[in-house]
Amino acid sequence: MLRTSLLYFSRQQRVFNLIKNVGFARKMASRFVAGETIHTAMDAVAELNAKGITASLDLLGESVTNEAEARETGRQYLELLDGINKRKLDANVSVKLTAMGQDISDELGIEVVREVIARAKSYDSFVRLDMESSAYTDRTLDAFERHLFPGHENNVGIVLQSALRRTLDDVDRANRLQCRVRICKGAYLEPPEVAFPDKADVDRNYVAAMHRLMEHGRYPGIATHDEAIIAEAKRFAKEKGIAPDRFEFQMLYGVRRDLQEQIVKEGYRIRVYVPFGSQWYPYLMRRLAERPANIAFMAGNIVKESFRR
Ligand code: FDA
């Protein structure tokens, strides 16, 4: 119920307009978001790199409403890739096709993101296409397979969500293509016809997808903070003789930092997804929806810190 409400509010721009300058809300966001500028985000990546953690930078922003905004997002991603290269950071980028204009037209989204992929290729870097709600799954996978992957096989990859009933078929399609996949559970509110309503089914489907990707796919990103699933990935890798450099774990900035560091110590690869920018509200609401206890946890910490000052 609380998850549903938080996900509903994540889409209410008017609520964001009300709270964006409230100190408390901005402080809550700062736990999950690496500041509002390219420079604060790159500093956060440098800190992660120093701990042996790689990163994927995400410029926050969801669907844009006109072509100029889409092209501006594309331009900022080019600047970001230039900055990563200049500072020699171990990081790639994650993009949302709707932020590149997909809702205006598929052609515009593809054109803008292609330029970003071409720049990534020039630096031998990589662009991950984040997956949004199920309304975009087909369009995103089709754009990827027909227009973005050919010619850029090392420089672009997709995300699949175990919450969706269709996902094992998409995993098989991705394995046939030998493209890079990030597997996650899925952060969007979905109808029961397309997604499993029961979390146990989402988790079971995750493990099935992860096994297929680890065994037959190409360098999968195992994106989760679920300790049972992480343990299963390690067990499965040992059983099948899959070396630790054939996959990577992925986690979100500010979530389970203890686990992130432990994974490095154990000799596995881990990449942290580092979002930044002024449009942090929908992202923050999705993170709170995943773990409503975060609301109490963060509020408590903020109060404690205020008293210490
Ligand atoms: P689950 O929700 O079962 O949580 C397992 C445990 O992890 C919890 O018990 C808690 O301890 C901890 N945890 C999880 N979320 C937390 C939080 N917000 N704060 C504190 N603790 C938390 N989704 C999507 O739809 N499209 C996408 O492109 C992506 N991309 C993506 C990239 C990366 C690198 C990650 C890690 C995740 C995504 N996601 C995503 C989000 C994903 O779908 C999912 O919503 C979250 O990862 C939470 O699910 P878990 O797998 O962590 O499991």
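Keep in mind the model is a prediction, meaning the values are calculated, not measured.

**What about the side chain of Q102?**
Moving on, step 1. The residue Q102 is located in the loop between β2 (91–95) and α6 (106–122) in this model.
Moving on, step 2. If we skip the residues at most four places from it in the chain, Q102 touches L97, G109, Y136, R139 and T140.

**A closer look at the site of the ligand**
Moving on, step 1. Close contacts around the ligand come from 24 residues, with K185, G186, T224, H225 and E290 the closest.
Moving on, step 2. Contact between the ligand and R182: a nitrogen atom at 3.1 Å from a side-chain N or O atom of the residue.
Moving on, step 3. K199 is positioned with one of its side-chain polar atoms (N or O) 2.7 Å from an oxygen atom of the ligand.
Moving on, step 4. Protein chains bury 87% of the 930 Å² of accessible surface belonging to the ligand in isolation.
Moving on, step 5. Most atoms of the ligand, that is more than half of them, are within 2 Å of grid points of the largest pocket.

**Some thoughts on helix α7 (residues 137–148)**
One full turn of an α-helix is made of 3.6 residues, so residues set three or four places apart face in the same direction.
Moving on, step 1. Among all positions in α7, only T137, T140, L141, A143, F144 and L148 are buried. Buried residues of α7, viewed axially, fall in a sector of 160°; they line one side.
Moving on, step 2. Close packing links the buried residues of α7 with α6, β3 (127–129), β4 (156–161) and α8 (167–177).

**Some words on helix α10 (residues 227–240)**
Moving on, step 1. Its 14 residues place the ends of α10 20 Å apart at the C-alpha level, agreeing with the 20 Å of an ideal helix rising 1.5 Å per residue.
Moving on, step 2. Within α10, the full set of buried residues consists of I229, I230, E232, A233, K234, F236 and A237.
Moving on, step 3. Here the buried face of α10 lies against α9 (199–216), β6 (218–223), β7 (248–252) and α11 (257–265).
Moving on, step 4. Where α10 begins, one side-chain oxygen reaches toward the backbone nitrogen of A228, 3.1 Å away; that side chain belongs to D226.
Moving on, step 5. Phi turns positive, to about 65°, at G241, one or two residues after α10.

Parameters and conventions
Residues numbered from 1 in each chain as written. Predicted model: local features only at pLDDT ≥ 70, side-chain atom pairs only at ≥ 80, totals over all residues. Heavy atoms only, no water. Helix = DSSP H or I, 4+ residues; strand = E, 2+ residues; numbered from the N terminus. Contact = heavy atoms within 4.5 Å. Near = heavy atom within 4 Å. Polar contact = N/O pair within 3.5 Å; in protein donor to acceptor, adjacent residues only side chain to side chain. Areas by Shrake-Rupley, 256 points an atom, 1.4 Å probe, with all protein chains shown as cover. 1 Å grid on protein atoms, 1.4 Å probe; cavity = no way out; pocket = protein on both sides within 12 Å on 5 of 7 lines; lining within 4 Å. Sits in = over half its atoms within 2 Å of the grid points. Buried < 20%, exposed > 50% of the residue type's maximum accessible area, 1.4 Å probe, protein only. Arc of directions from axis to C-beta. Expected span 1.5 Å × (residues − 1).

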